[in-house]
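# Geometric and topological summary
These are the residues of each chain, in order.
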Amino acid sequence: MDHRTPAGETTAAEAADVWRRAREHLDGLPGGRGLNIAHEAVDRHVAAGRGARVALRCVAADRTATSVTYAELADRSNRFAGVLRSLGVGRGDRVASLLGRGPELYTAVLGTLKNASVFCPLFPAFGPAPVEERLRLGDVRVLVTSGDLYRRKVAGRRDALPGLEHVLLVGPGADPDSGTVSFDDLTAAASGEFTIPPTDPGEPALLHFTSGTTGTPKGAVHAHEAVVAHHATAALALDLRPGDVFWCTADPGWVTGMSYGIIAPLTHGLTAVVDSGEYEARRWYGILAQERVNVWYTAPTAIRMLMRVSPRGRPPELPRSFDLSALRFVASVGEPLNPEAVRWGQEVLGLPIHDNWWQTETGAIMIANTAATEIRPGSMGRPLPGVRAGVLERGPDGRADVTDGRVHVLEQAGAEGELALRPGWPSMFRGYLGAEARYRACFADGWYLTGDVVRRDADGYYWFVGRADDVIKSAGHLIGPFEVESTLMEHTAVAEAGVIGRPDPVAGEIVKAFVSLKPGYRPGPQVARDITAFARRRLGPAIAPREIAFEQNLPKTRSGKVMRRLLRARELGLPEGDLSTLESPS
Ligand code: AMP
């Protein structure tokens, strides 16, 4: 029997047909030897005589830019693939990066994929603790990093990572005596010729760590076949067209920066802008202008920061002082985009902002406001062709209610529930590495459960309501409260911790920690500063708490778990809800 989605649009057979046709836009490895992302991204363009096209425009700190052509990228990635092979690193082995945004990151990703190894990008702003944890959970054999990042974030923990056999340093600082070798020397000495081995479309290609409410980070595995969705959705949701210059501002340490910062623009044979710098309004407008960017994919936090600099209703002096005439399409992802931001785009940039929705596990955009459809400001848009979405009734724990293995699909317009997707799209994650039970728990009654709460209107537009669990989105980064709590509890003064997201007008949410202190310690600004500094050193500034509050009696369930939901409700002055599981309701 075929299931219709609640909106009644797409059947399983129709969806399969959409993806089959999308696959036809890709080449596959020569001789029918399978499907490899790196071949689609680079080698096929070179083989078709397009090697002289500019693949990357790498913008340095001083905003000077250098070009890397497709032929150069093919050569460099071949060399890196050869390096891996010569090190005995092979099919399925994990290669991680801890690198700033620059051409070497592209070389490392594409060379790894050519070698049929699995690439795991790590966010360079992570502190040593999350880096170590991900290297260990990912069972990473090779790390490509810089001397500075290695010294600050890995060297001190190398002994705890026996599986990490090779550390390759981009730039100076390699020292075989301390277990590092030079990435540049090895790639310079390697051959520029490399034949990609046969690659099954279902073979693992990418490993992206994401966070849940509890437990360790989850390593979502994506297969080479995901490239079908990266390619198709970039055309549909981001309006990518031949000849475009495209800028995705996300760091490839997160899934957006990989799927749309690296893979999608290259499979389309376009020019991708790669900015090594951080957000600064003048810098960003400068890059949009100097690189004549046509399509820009960014995050709501960044848009809100730009809105602060040039609010609506005042002459937009800063943006108007740059030539943004090449810009044709602007999109954003990762957190709710306020309707005000969509209107700001229209007024200040002359273009509305197209919000879209997806997550690490989906691998590619699933729901979008597209160029071809009316934008509903504040909505994430509608499911793309080939995507079958539904809204499921929720149970007392806030997640989809699964009774006897069955869920209840809410058909009526305006109903609120957990967003779920019918499996079958090519970029769906194939598992959480080494965590089969956690993977299985994401599915019920033929649906993949996203963990997001949404509303669908009568026209099939989806509106984000919130998360069904406790994970935090701060400046577009998904943060697991458990990871932060565990680190806080390593501080000598901290007895227990509960971490929540507190709403913030710019970052969406900021990380706030409630801690109880061990006997002998007294709450006060000095301890708070000390704990904050400790957390920043260990976790890195992107995920460390921005605020610390002392709470000697943290609300806990009878089984002893800190009730973050209650901390959050109290912080925001919201109803406290069901307190029946509270340890001592008084
Ligand atoms: P990540 O896996 O880090 O990409 O984070 C995915 C999560 O970000 C989703 O499950 C949502 O909670 C949130 N998210 C992504 N896109 C949007 C959007 N357009 N509006 C609201 N939340 C979003």
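Please refer to the structure higher up on the page.
Now for a description of the structure that goes with this document. Here the structure is a predicted model, which is why all the values come from computation and not from measurement.

Surveying the vicinity of the ligand reveals 17 residues, the closest of which are Asn-356, Gln-359, Thr-360, Asp-452 and Arg-467. At 3.2 Å from a nitrogen atom of the ligand is found a main-chain nitrogen or oxygen belonging to Gly-334. Here a nitrogen atom of the ligand sits 3.1 Å away from a polar atom, N or O, in the side chain of Asp-355. Taking 500 Å² as the accessible area of the ligand by itself, protein coverage stands at 96%. Mapped by element, the contributors of at least two residues to the shell around the ligand are β14 (353–357) and β22 (462–467). Of all the elements, β14 adds the most residues to the shell around the ligand, at three residues. Grouping the amino acids of the shell around the ligand by side-chain chemistry returns eight nonpolar, four polar and five charged.

Now for the nonpolar core. Residues Leu-56, Leu-238, Tyr-260, Leu-266 and Tyr-297 are the most contacted members of the largest nonpolar core, which totals 88 residues. Taken together, domain 1 (33–224) and domain 2 (232–467) each give at least three residues to this core, which thus spans both. Excluding residues within four positions of it along the chain, Leu-56 makes contact with Thr-66, Ser-67, Val-68, Leu-73, Pro-103, Tyr-106, Leu-266, Ala-272 and Val-274. Val-118, Leu-135, Leu-488 and Ala-535 belong to the second largest nonpolar core, which has 42 residues in total.

This next bit is on the packing of helix α3 (residues 70–86) against helix α4 (residues 103–114). At their nearest, the axes of α3 and α4 sit 7 Å apart, and the two run at 60 degrees to each other. If you check the angle between α3 and α4, you find them oblique. Crossing hand, α3 versus α4: right-handed. Facing α3, whose interface residues are Leu-73, Ala-74, Arg-76, Ser-77, Asn-78, Phe-80, Ala-81 and Leu-84, α4 presents Pro-103, Tyr-106, Thr-107, Ala-108, Leu-110, Gly-111, Thr-112 and Lys-114. Of the residues contributing to the contact of α3 with α4, the split by class is nine nonpolar, five polar and two charged.

For the rest of this paragraph, the subject is the pattern of salt bridges. Counted according to the given criterion, the structure contains 46 salt bridges. In this structure, Arg-91 and Glu-203 form a salt bridge, with 2.7 Å as the shortest nitrogen-oxygen distance. With Arg-91 in the loop between α3 and β3 (94–98) and Glu-203 in the loop between α7 (183–189) and β8 (204–210), the pair connects residues that are 112 residues apart, well separated along the chain. A relative accessible area of 45% places Arg-91 in the partly exposed class. Residue classification places Glu-203 among the buried positions, given a relative accessible area of 15%. If you follow the salt bridges from partner to partner, you end up with Asp-17, Arg-20, Arg-21 and Glu-24 in one network.

This next bit is on the state of the cysteines. Counting across every chain of the model gives zero disulfides. The structure places no disulfide on Cys-248, whose sulfur is separated from the nearest cysteine sulfur, that of Cys-58, by 14 Å. Judged by its relative accessible area of 8%, Cys-248 falls in the buried class. Distance from the sulfur of Cys-442, which forms no disulfide, to the nearest cysteine sulfur (Cys-120) is 18 Å.

What counts, and where the lines are drawn
Residues numbered from 1 in each chain as written. Predicted model: local features only at pLDDT ≥ 70, side-chain atom pairs only at ≥ 80, totals over all residues. Heavy atoms only, no water. Near = heavy atom within 4 Å. Polar contact = N/O pair within 3.5 Å; in protein donor to acceptor, adjacent residues only side chain to side chain. Areas by Shrake-Rupley, 256 points an atom, 1.4 Å probe, with all protein chains shown as cover. Helix = DSSP H or I, 4+ residues; strand = E, 2+ residues; numbered from the N terminus. Nonpolar A, V, L, I, M, F, W, Y, C, P; charged D, E, K, R; others polar. Core = buried A, V, L, I, M, F, W, Y, C linked by side-chain atoms within 4.5 Å. Buried < 20%, exposed > 50% of the residue type's maximum accessible area, 1.4 Å probe, protein only. Domains from an automatic or database assignment. Contact = heavy atoms within 4.5 Å. Axes fitted to C-alpha atoms, helices over the stretch in contact; angles between N-to-C directions. Parallel < 35°, antiparallel > 145°, perpendicular 65-115°, else oblique. Left-handed = near helix turned anticlockwise from the far one by under 90°. Salt bridge = Lys/Arg side-chain N within 4 Å of Asp/Glu carboxyl O. Disulfide = S-S within 2.5 Å.

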